[in-house]
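One letter stands for each residue in the lines below.
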Amino acid sequence: MLEIKNYSKSYREGKKAADNVSLTVESGDIFGFIGHNGAGKSTTIRAVVGVLDFTEGEILIDGHSVKDEPMECKRVTAYIPDNPDLYENLTGIQYLNFIADVFDISAEEREERIKKYADLFEITPALGDQISSYSHGMKQKVAIISALIHNPKLLVLDEPFVGLDPKATFVLKEIMHEMCDQGTAIFFSTHVLDVAEKLCNKVAIIKQGKIIASGTMEELTEGHSLEETFLETDNNEK
Amino acid sequence: MKNNILLLKTLLLSTSLVNTYKHCDDKKKKRKIVWSFIGMFIIYAMILGYSLAATLGYGAIGLTQAIPMICVLTISALAFFFTFFKTNGYLFNFKEYDMLMSLPFEAKTVAGCKFLYMYIKSLPWYLSITIAMMIGYEIFAFAPVYVLIEWLILSLLVPIIPMLIASFFGFLIARASVGFKKNNIIQTLFTFMFIIFCFSFRYILEAMFRNGNVEETLEASYEAIENAANTYLPAKWFAGAIVDGSISDALLLVGVTVLLFSVVFHIVGRSYRQINSALKSHSASKSYKMTSQKKHSVVTAIAYKEFKRMTGSTTYITNVAIGELLAVILSVVTLIFGFDSIVKVTTQNAPFDSAVLQPAIPFIIYFLVGMMASTTCSPSLEGKQYWILQSLPIRKEQIYQGKMLFNMYLTVPFMCLGVLCLCFSAKVPVINTVLYLILGSVLCAFSTAWGCACGIKHMRLDWENEVEVIKQGPAVALYMLPNMFVVMGLVVGVVFLGMRINHALLALIFIAIASLLTAVSYMRAMALAKKT
């Protein structure tokens, strides 16, 4: 579903934010992308969802090139950034309708999905209020619902659990499992290694823009915890 | 004092293009900065040239001694209005409020520094006027060098008093709106009411003078200026210091400016926290129940989003919708008092047939409605939310088509209302009225497309305060200035041509020209959209 081939992104002369990154996320995978702050996780994610331009490498979503066929890619992808800046002047329901309109979702379908997810995240009573009145967690919930509203084939999340309360974290994990069972590919970055360990079937570790380890959870950890594996891999690369 | 300087320095540094240039490795961005400096200098030079030409005119007709007063009155009027339109965005409800107020700064320090920041940012505009007028004055008055130095020093203070008055009115409006649940809407309403009052103030004053039988006095230009200067004392003090060499007048100007600054920010500081807290908090009923939803096209959805963006910001709506408001006022006033009476008042009873103005009706309304297009600043206003539209499966052209559709929704109804009211009042034939409606709508389309091309070309997403892209961005300057000057010229040109060519034919010619310009601007906007 997602194939990143030799993707590189240079910001300043000589300095590469992402260096020859290659990985594959299949349908039904929950792929964890882990690394230090500034390792290149968000740079890679932003390129995948078509927010960040890039010149080196290739990113394919459902067989389409992000560079050459961005519309085809975006139609099947949903993205939730780490700190969602939403349209503060819209109410929650107006924002969700806006996204539903963009994805051409019928009135019945959107009602059904908004109701389902808003109830799950216990945010329905606040949907009539302006987003500017929401807490960080509530904005995060609206961003998640907007990502789920069109039933994406690929869900890309940047630090999705930051700011969520324990109940919402649980609900999101359940939704991720459910989507994975239905064949959706999920690619997400996180610092919370425990969550990644329990949730993901595949993991990649990125350091200074380079993938230093990648594979299934079993291949990578070999019976150790993900935390131990991460620290060991990180130390070996110094 | 140390805190004030530190904060002011930081505020200036955070939005300084020089600073960005120094610390940026991106050559494209650096080139853009250089070009924006060149653009700004060209505009300063244009203002300087225009002011110098006007001053030479005053000197030539024997108004040399009135030049200092005219200078202060011009700068004061400009400073008052420009400050009033942006004071809300600068002083209140700004993005970094929480961060600044969590630091050991007094509320009045934060408010005062924000004001001074606003003052320093607009000072080059006022200086280009005052320097030009000083040169013009010197050519006729042969004033000694020390007078010119005094002129320059006092010029630095001249915009402060009107800016303080405008800020204080802005503060009063913000303070009054705090008590309401929907304080944003109330603040916008109060602001519009105040603007209407200011625009009608000139006519109220005129009526007062007429009642006092001083019309004869007003007819003499010099005495009229002196009259105004006697009403607005800083102009009198400035003129006293320059023309009569009065040290006490100079000291009075300095003293009152400093005193007024201290008093205003002492008062503002006392309720600053309360106002900002109220403006930053939003009413939340938390009582929404899922109801049936409607489906819209992508472009309509974007247009609706733009509508909510505009109505959610007092700064945005007061700057973008002021032309529409003035168009409504003009329409209603024309219907009540008649087209002829309005023409007489506007032209100070100049002896000519008001029928010759008929072909200019669509351009007069366009001057107001097209004063500012929302498409000019809306691309930049995406700011940090740029990721939303960029990550969605929308063609880039569609994003801007949605923005353009909103501007059409905003302008066309007001254009039609204005044209219909003026045509009805001026007894314009039906066929001509229809043609003027078409011409007006095409002009709205041109304003929309041209504004969009300017907005995309000079899109700036890394702003700290929305005022930077609503009032001060290069996109706005590039749209507004040529648009205003060309329309003013067109009004005169159309009246002139209307005396020689059939009005309906003239309207058809302008429909064709405006359609062509709209098509070119639209294609340019779409080409630029693809590159974003």
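The rules behind the values
Within each chain, residue numbers correspond to sequence positions counted from 1 in written order. Both sets of labels track the order of writing: A upward for chains, 1 upward for ligands. Totals for whole chains, interfaces and linings use every residue, but because this is a predicted model, local features are given only for residues with pLDDT of at least 70 and side-chain atom pairs only at 80 or more, for both listing and counting. Remark: hydrogens and water are excluded; side-chain values derive from all non-hydrogen atoms of the structure. Numbering goes from the N terminus for both helices and strands, where a helix is a DSSP run of H or I of at least four residues and a strand is a run of E of at least two. Note that the radius of gyration is over C-alpha atoms, with the globule rule given as 2.2 Å times the number of residues to the power 0.38. Throughout this description, buried means an accessible area under 20% of the type-specific maximum (1.4 Å probe, protein chains only), exposed means over 50%, and partly exposed covers the range between. Throughout, a contact is declared for two residues whenever any of their heavy atoms are within 4.5 Å. In these tables, accessible area is a Shrake-Rupley quantity obtained with a 1.4 Å probe, and a residue counts as shielded only by the protein chains included in the view. When charges are tallied, Lys and Arg are placed among the positive residues and Asp and Glu among the negative ones, while His and the ends of the chain are skipped. To locate a charge, take atom NZ for lysine, CZ for arginine, CG for aspartate or CD for glutamate. In this description, strands pair whenever DSSP reports at least two bridges between them. As a rule, the C-alpha atoms of each element are fitted with a line to give its axis, helices using only the stretch in contact, and angles between N-to-C directions run from 0 to 180 degrees. Start and end positions for the domains come from either an automated domain assignment or a database one. A 1.4 Å probe defines the accessible area here, and the buried area is the portion of it lost by two parts on being joined, summed over both. Here a salt bridge means any side-chain nitrogen of Lys or Arg lying within 4 Å of a carboxyl oxygen belonging to Asp or Glu. Polar contact is the term for a pair of N or O atoms within 3.5 Å; when the atoms are in protein, one must be able to donate a hydrogen and the other to accept it, and sequence-neighboring residues count only if both atoms are side-chain atoms. Residue type decides the class: Asp, Glu, Lys and Arg count as charged, Ala, Val, Leu, Ile, Met, Phe, Trp, Tyr, Cys and Pro as nonpolar, and the leftover types, Gly among them, as polar. For a helix, the expected span equals 1.5 Å multiplied by the number of residues minus one. Exposure above 30% relative accessible area and no salt bridge define the residues that can form patches, which grow by joining like charges within 9 Å and nonpolar side chains of Val, Leu, Ile, Met, Phe, Trp and Tyr within 5 Å. Only buried Ala, Val, Leu, Ile, Met, Phe, Trp, Tyr and Cys residues count toward a nonpolar core, and they belong to the same one when joined by side-chain atoms within 4.5 Å. Aromatic pairs are defined between Phe, Tyr and Trp rings, using the six-membered ring for Trp, whenever the two ring centres lie within 6.5 Å; interplanar angles under 30 degrees are classed as stacked, those over 60 as edge-to-face, and all others as tilted.

### Remarks on the overall build of chain A
Then, number 1: Scanning chain A from N- to C-terminus turns up 9 helices and 10 strands.
Then, number 2: Over its C-alpha trace chain A gives a radius of gyration of 18 Å, about what one expects of a compact globule, namely 18 Å for 238 residues.
Then, number 3: With the C-alpha coordinates aligned to their principal axes, the bounding extent of chain A is approximately 50 × 40 × 30 Å.
Then, number 4: Per-residue burial for chain A yields a buried fraction of 60% across its 238 residues.
Then, number 5: In chain A, of all internal contacts separated by at least 6 residues, the share reaching a separation of at least 24 is 68%.
Then, number 6: Carbon and sulfur atoms make up 44% of the accessible area of chain A, which totals about 9,700 Å².
Then, number 7: Averaging the coordinates of the 24 positive side-chain charges in chain A and doing the same for the 40 negative ones gives two points 4 Å apart.

### Things to note about the sheet that holds strand β3 (residues 30–35) of chain A
All names here are of chain A.
Then, number 1: Taking strand neighbours across the sheet as the criterion, the 6 strands line up as β6-β7-β8-β3-β9-β10 in an open arrangement whose pairing is mixed. On the outer flanks of this sheet lie β6 (77–80) and β10 (210–216), each paired with one strand and no other. Shown here is a sheet whose adjacent strand axes are inclined to one another by a mean of 15°, direction ignored.
Then, number 2: The pairing of strand β7 (residues 154–158) with strand β8 (residues 185–190) spans 5 bridges and is classified as parallel. Following the sheet pairing, L157 is matched in β8 by F188.
Then, number 3: Helix-sheet contacts for helix α5 (residues 136–148) involve β6 and β7, and the interaxial angle to β6 is about 175°.
Then, number 4: Where helix α6 (residues 166–181) meets the sheet, it contacts β3, β7 and β8, and its direction lies at approximately 145° from that of β8.

### Quick word on the domain arrangement of chain B
Residue and element names in this part refer to chain B.
Then, number 1: As far as domains go, chain B holds domain 1 (2–280) and domain 2 (298–531).
Then, number 2: Measuring from the centre of the C-alpha atoms in domain 1 to the corresponding centre in domain 2 gives 27 Å.
Then, number 3: At the interface, 26 residues of domain 1 touch 27 residues of domain 2.
Then, number 4: A buried area of about 2,300 Å², summed over both sides, lies between domain 1 and domain 2, and 60% of it is on carbon and sulfur atoms.

### Overview of the interface of chain B and chain A
Then, number 1: Counting residues at the interface gives 35 residues for chain B and 43 residues for chain A.
Then, number 2: Both sides of the chain B and chain A interface together cover about 3,500 Å² of buried area, and 63% of this is carbon and sulfur.
Then, number 3: Looking at the side of chain B facing chain A, the largest losses of area belong to B:Y288, B:W387 and B:P393, adding up to 21% of the total buried there.
Then, number 4: Linking chain B with chain A are 1 salt bridge, by the criterion used here.
Then, number 5: Note that A:D104 is salt-bridged to B:K295, the shortest N-O span being 2.6 Å.
Then, number 6: Connecting chain B to chain A are 11 residue pairs in polar contact (both at pLDDT 80 or more).
Then, number 7: Here the element with the most residues in the side of chain B that touches chain A is helix α14 (residues 298–311) of chain B; it accounts for 7 residues.
Then, number 8: Per-class residue counts for the side of chain B that touches chain A are 13 nonpolar, 12 polar and 10 charged.

### What about the pattern of salt bridges?
Then, number 1: Counted by the stated rule, this structure contains 17 salt bridges over all chains.
Then, number 2: With its nearest N and O atoms 2.8 Å apart, the salt bridge here joins A:K202 to A:D29. With a gap of 173 residues between them, A:K202 in strand β9 (residues 202–207) and A:D29 in the loop between β2 (15–25) and β3 connect regions that are remote in the sequence. Summarising the burial analysis for this pair, A:K202 and A:D29 share the class buried.
Then, number 3: A salt bridge links A:K116 to A:E178, with the shortest nitrogen-to-oxygen separation between them at 3.2 Å. A residue pair is termed long-range when its members are at least 10 positions apart, and A:K116 in helix α4 (residues 107–120) and A:E178 in helix α6 qualify at 62 residues.
Then, number 4: Among the charged side chains, a network of salt bridges with common partners joins B:K305, B:E306, B:E382 and B:K403.

### Digging into the pairing of β3(A)
All names here are of chain A.
Then, number 1: For β3, a buried count of 6 out of 6 residues is recorded, marking the element as mostly surrounded by other parts of the structure.
Then, number 2: For β3 and β8, the ladder comprises 5 bridges, and the chain directions are parallel. Its bridge partner being in β8, I34 is matched across the sheet by T190.
Then, number 3: Sheet topology places β3 next to β9; 5 bridges connect them, and they run parallel. Looking across to β9, one finds that G32 is bridged to V203.

### Section: α14(B)
Then, number 1: Helix length check: α14(B), at 14 residues, gives a terminal C-alpha distance of 20 Å against a target of 20 Å (1.5 Å per residue), a fit within 8%.
Then, number 2: When we look at burial in α14(B), the residues that qualify are B:V298, B:A301, B:I302, B:A303, B:K305, B:E306, B:K308, B:R309 and B:M310.
Then, number 3: Looking at the buried residues of α14(B), the elements they touch are α3 (92–102) of chain A together with α15 (314–320), α19 (374–381), α20 (386–391) and α21 (396–426) of chain B.

### Topic: a positive patch on the surface
Residue and element names in this part refer to chain B.
Then, number 1: Positive charge collects at one region of the surface, where K27, K28, R31, K32, K457, R524 and K531 lie side by side.
Then, number 2: Within the residue set of the positive patch, elements represented by two or more residues are α3 (27–60) and α25 (503–531).
Then, number 3: Take the positive patch: its biggest share by element is 4 residues, from α3.
Then, number 4: You can see K32 is positioned in helix α3.
Then, number 5: A relative accessible area of 46% places K32 in the partly exposed class.

### Details of the nonpolar core
Then, number 1: The biggest cluster of nonpolar side chains holds 111 residues, and the ones touching the most others in it are A:Y95, A:F98 and A:F187.
Then, number 2: Not counting residues up to four positions away in its chain, the partners in contact with A:F98 are A:Y87, B:A301, B:I302, B:K305, B:I388, B:L389 and B:L392.
Then, number 3: Ranked by size, the runner-up nonpolar core spans 66 residues in total, among them B:F92, B:V158, B:M163 and B:L253.

### Overview of the packing of aromatic side chains
Residue and element names in this part refer to chain B.
Then, number 1: Under the counting rule described, the total for this entry stands at 25 aromatic pairs over all chains.
Then, number 2: Note on F80 and F169: the rings are 6.4 Å apart at their centroids and 80° apart in plane angle, and the pair reads as edge-to-face. With F80 in helix α4 (residues 67–91) and F169 in helix α8 (residues 160–177), this residue pair connects regions lying 89 residues apart in the sequence.
Then, number 3: For F80, a relative accessible area of 14% corresponds to the buried category.
Then, number 4: Both rings, one in F92 and one in Y272, keep their centres 5.8 Å apart while their planes meet at 45°; by these two values the pair is tilted. Taken together, the residues F92 in the loop between α4 and α5 (97–101) and Y272 in helix α13 (residues 247–280) connect sequence positions 180 residues apart.

### Considering the side chain of B:S447
Then, number 1: Summarising the element assignment, B:S447 is placed in helix α22 (residues 430–457).
Then, number 2: Apart from the residues lying within four places of it in its own chain, the contact partners of B:S447 are B:Y366, B:G370, B:A373, B:T375, B:N407 and B:Y479.

### A short note on the environment of A:S146
Residues and elements named next belong to chain A.
Then, number 1: Here S146 is to be found in helix α5.
Then, number 2: Judged by relative accessible area, which is 8%, S146 ranks as buried.
Then, number 3: Sequence separation between S146 and E69 is 77 residues; the distance between their C-alpha atoms is 23 Å.

### A short note on a negative patch on the surface
Residue and element names in this part refer to chain A.
Then, number 1: There is a patch of like negative charges on the surface, built from D194, E218, E219, E222, E227, E228 and E232.
Then, number 2: Those elements giving two or more residues to the negative patch turn out to be α8 (217–221) and α9 (226–236).
Then, number 3: Per element, the largest residue contribution to the negative patch is 3 residues, and it comes from α9.
Then, number 4: Structurally, E219 is set in helix α8.

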